[in-house]
Amino acid sequence: MFFEVILLTIIYLILKYVLAWIAYVNSLDLRLGKSYWRWTYDYKVVGDRDYSDLDDKDFVRLRRKKNKLVTLMYSIFFFGFILTMSLFSKILILILN
């Protein structure tokens, strides 16, 4: 159980670091919005093609960086959730035995 608590603390610190990066990337362009929890494919860029570097290279590349960070955030969050459930099950087994 001690190992899980230490690992959860490390995961929490990594999650806070990734959230700080997402906030920084969001502050670079107002079109990205303020949300931490959603990917940015629904924000339009100037022009017809929203999926390539042809219209607004800087924004599209920045949006792709944010999407990678959001994916990393979700991965860390779900790994932490699984680890938390493991810790809770060990605590329940300890209590019930």
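Q: Explain the packing of aromatic side chains to me, using residue names and the numbers behind them.
A: Scanning the entire structure with this criterion turns up 4 aromatic pairs. Ring geometry for tyrosine 17 and tryptophan 21: centres 6.5 Å apart, planes at 80 degrees, overall edge-to-face. Here tyrosine 17 pairs with tryptophan 21, and both are found in helix H1 (residues 2-28), just 4 residues apart, close to one helical turn. By relative accessible area, tyrosine 17 is classed as exposed at 54%.

Q: Break down the environment of lysine 90 for me, citing the residues and quoting the values.
A: Counting through the fold element by element, lysine 90 comes out in helix H2 (residues 57-96). The spacing of lysine 90 and methionine 1 is 89 residues in sequence and 7.1 Å in space, taken between C-alpha atoms. Those residues in contact with lysine 90 that sit more than four places away from it in its chain are Met1 and Glu4.

Calculation rules
- Residues numbered from 1 in each chain as written.
- Predicted model: local features only at pLDDT ≥ 70, side-chain atom pairs only at ≥ 80, totals over all residues.
- Heavy atoms only, no water.
- Phe/Tyr/Trp six-rings, centres within 6.5 Å; stacked < 30°, edge-to-face > 60°.
- Helix = DSSP H or I, 4+ residues; strand = E, 2+ residues; numbered from the N terminus.
- Buried < 20%, exposed > 50% of the residue type's maximum accessible area, 1.4 Å probe, protein only.
- Contact = heavy atoms within 4.5 Å.

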